[in-house]
Amino acid sequence: MNNDERLNRLEQRIMELEKEVTDLKQYRISKRVTTDTGPPSKTWIQGPVPSGTSYGETREKTPQENIRQKETDWEHLIARVWLPRVFLFVFLIGLIWGFKAAVDGGYITEGMRCIIGLLAGAAFVYLGARQHKHQRLLLSQVLLAGSIGIFMLTTFAAHYLYDFMSAPIAFILNVLWTVLGLLFSYRYKSQTLGVLAIVSGILTPFLVDNNPSTPFFVCYEVLLYTSAMIFAIRHRFVTLLYTSFILIHPAFLIFSMVGSISNDRWIVYGALVQHLILLVSILLRTGILNHQHRVLISSFVLTAIWSRLILESDIVLILLSFTLLYSAISAYTWRKGFKDTLPYMLAISSYSLLFLLMEMAQNKWVVGLFIIEGFIALALGFIIKSLFQKINGLLIYLVGFLAGGIILLGGMDSLASVNTFIWIVILLTLAGIIVLLRYYSAENQNQTKEWIRVLYYGLGVLFLIFITDVTTVLTQNVSDNAQHLIISSTWVGYAIAVIAYGLKKKIKQVRLAGIALLFLTLIKVIFFDLPTVSMIIKAVLFIGLGGIGILLSRFFYKKE
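Residues numbered from 1 in each chain as written. Predicted model: local features only at pLDDT ≥ 70, side-chain atom pairs only at ≥ 80, totals over all residues. Heavy atoms only, no water.

A. Region of interest: the overall build of the chain. Counting its secondary structure elements, the chain contains 20 helices and 0 strands. Expressed as a percentage of its 560 residues, the buried residues of the chain come to 38%. Excluding contacts between residues fewer than 6 apart, the proportion of contacts in the chain whose partners are at least 24 apart in sequence is 65%. Summing over all exposed atoms, the chain offers an accessible surface of approximately 33,000 Å²; the carbon and sulfur share of this is 67%. (Helix = DSSP H or I, 4+ residues; strand = E, 2+ residues; numbered from the N terminus. Buried < 20%, exposed > 50% of the residue type's maximum accessible area, 1.4 Å probe, protein only. Contact = heavy atoms within 4.5 Å. Areas by Shrake-Rupley, 256 points an atom, 1.4 Å probe, with all protein chains shown as cover.)

Laid out in structure tokens, this is it:
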């Protein structure tokens, strides 16, 4: 168990203990009231009787047994939670209308409007601090959040609407408002204020300049994300961690759409730096690792998309670098025993290799590599006992398997073809999966046996199709009569081999599968071969099938 999980469990246990203390206090108060108003009522003994206690004695129930489930406190929900939020909004609407009326009447000049905005923001800060001092926490958060919004809007108006200040000064002021929001979040332990501060910081370049410099914009957004991530990790603000990550990529997207980008490669650089900073925070083993792992997966996918869209010529080099980097990190985390981090490193390494193979795919041969990669990833999941890695490996394997199945539907042109390669890869990897299930599944043995049985049957059917394709290719230059006879003979030989294996290993299911294959061969002969072959071939097929069936039946009697 890592430190993050211990801290999460400790916090959960502290919350449970606080709730039990509150319930105990309420129970004592209710007990005191009951004692004052009337004689205490007796309760029958519940549970096992302690040693030395007679059945005539009674014991009182524990507080948790007496306290009923609390009903929803609608007064608290409405008056303390939603009332300040709703009516602050109403109040702001009224102020805006009154402000507009005063402006239309010529009573308030442009300079006075900016001064009033700053004073209003300062007043909200003062009132929010006082409300927090009096333990009105929700109202305090609403007021402090409102102050940040007022400061941002006032700065925007002073710069963009009235041209009272230059863009650099407006930018510096907006950065100060963002820092002020983070200070509020730190001072009052409010994650909501931190989220609002980051939203304000993300919007700052758009509020100051319609077309900021691309390097400056990217560097600012990455620096803001890094600050928010460190702040969220240090104070264990999960929502802030996700928010800072979720907002940076839409900011890049909006900037690329509305701005005049002179060098859009900077956006890819920003995404790469943001991803690497998050990776370093994980390797340092600090913070809320389980959430950082999830963000890292999404960050890799978005970084790969940005690279594919913008750096199309360099995408192979980027994906190769990701593959090598995360393969090395996977080996490092495995050696260090970081079991919580290893599956995520392996997953990114697997997907980067998958994307790399997709980029390098010039023909159908790469589909076999997909299948091999998926099997290796699945095998690693069994070895490190990670369900997450098993799922990732299985997904990659299924993608390759389905793509290979589509290719195989076209039929085999020659023995030395991509179809043969895909067939061999599918058959060998399915056999490998059966081995993995047999040797690495310690739980749910019955379910595992069922899966193994299904895979055995599936492998048998696929091998039948494979030998049929191979036989068809090898006999494509002979007559139709001879081809039908050879294919049916191949099926019979396969059925005999399966039955013989079942008899030797004393496996009933295998023997039944061989018999079923023999009957399937008979059905094929009747419905597919007889209408198209000559009389002599019909005679040979039926004599051969009949004789083999009788002989095999004799073996079964001998076995009994």
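Having seen the model, we can carry on.
B. Region of the structure containing the packing of aromatic side chains. Going through the model one piece at a time under the given rule, you end up with 20 aromatic pairs. Plain terms: the ring middles of Phe217 and Phe252 are 6.3 Å apart, the flat faces sit at 65° to each other, and that makes the pair edge-to-face. Highlighted residues: Phe217 in helix α8 (residues 214-235) and Phe252 in helix α9 (residues 238-258), separated in sequence by 35 residues. Lys189 extends its terminal NZ or CZ atom over the ring of Tyr186, reaching a point 5.1 Å from the ring centre. (Phe/Tyr/Trp six-rings, centres within 6.5 Å; stacked < 30°, edge-to-face > 60°. Lys NZ or Arg CZ within 6 Å of the ring centre and 35° of its normal.)

C. Seen up close, the environment of Val208. Mapped onto the elements of the fold, Val208 is located in helix α7 (residues 191-208). Beyond its immediate chain neighbours, meaning those up to four positions away, Val208 contacts His159, Ala167, Ala170, Phe171 and Asn174.

D. Expanded view of α9. Taking 1.5 Å of rise per residue, 21 residues should cover 30 Å, and α9 covers 31 Å from first to last C-alpha, within 8% of that figure. Tucked inside the fold, the buried residues of α9 contact α7, α8, α10 (265-283) and α11 (289-310). (Expected span 1.5 Å × (residues − 1).)

E. Molecular detail of the confidence of the model for the chain. Here the chain averages 80 in pLDDT, while 78% of its residues score no lower than 70. Counted against residues more than four places away or in other chains, residues 33-69, with its pLDDT under 50, gives 26 contacts. (pLDDT = per-residue confidence, 0-100.)

F. Quick look at a nonpolar patch on the surface. Side chains of Trp334, Ile383, Val435, Tyr439 and Tyr440 sit close together on the surface and give an oily, nonpolar patch of about 550 Å² of accessible area. The residue Ile383 is located in helix α14 (residues 365-384) in this model. A relative accessible area of 39% means that Ile383 is categorised as partly exposed. (Patch = residues over 30% accessible without salt bridge, like charges linked within 9 Å, V, L, I, M, F, W, Y side chains within 5 Å. Salt bridge = Lys/Arg side-chain N within 4 Å of Asp/Glu carboxyl O.)

G. Geometry of the packing of α9 against α11. At a closest axis distance of 10 Å, the pairing of α9 and α11 adopts a crossing angle of 10°. Of the possible angle classes, the one that applies to α9 and α11 is roughly parallel. Two secondary-structure elements touch here, α9 through Val238, Leu241, Tyr242, Phe245, His249, Phe252, Leu253 and Ser256 and α11 through His291, Gln292, Arg294, Val295, Ser298, Ser299, Leu302 and Trp306. (Axes fitted to C-alpha atoms, helices over the stretch in contact; angles between N-to-C directions. Parallel < 35°, antiparallel > 145°, perpendicular 65-115°, else oblique.)

H. Broad picture of the pattern of salt bridges. Counted by the stated rule, this structure contains 4 salt bridges. Residue Arg265 is joined to Asp314 by a salt bridge in which the shortest nitrogen-to-oxygen separation is 3.2 Å. You can see Arg265 sitting in helix α10 and its partner Asp314 sitting in the loop between α11 and α12 (315-336), a full 49 residues away along the chain. Judged by its relative accessible area of 30%, Arg265 is partly exposed. Residue Asp314 is classed as partly exposed on the basis of its relative accessible area, which comes to 25%. For Arg285, the salt bridge goes to Asp340, with nearest N and O atoms at 3.1 Å. Taken together, the residues Arg285 in the loop between α10 and α11 and Asp340 in the loop between α12 and α13 (342-360) connect sequence positions 55 residues apart. Among the residues examined, Arg285 registers a relative accessible area of 25% and is labelled partly exposed.

I. Molecular detail of unusual backbone geometry. A positive phi is found at Gln135, a non-glycine position, where the angle reads about 65°. Note that Gln135 resides in the loop between α4 (110-133) and α5 (137-161). Positive phi values are uncommon outside glycine, yet Lys189 reaches one of about 55°.

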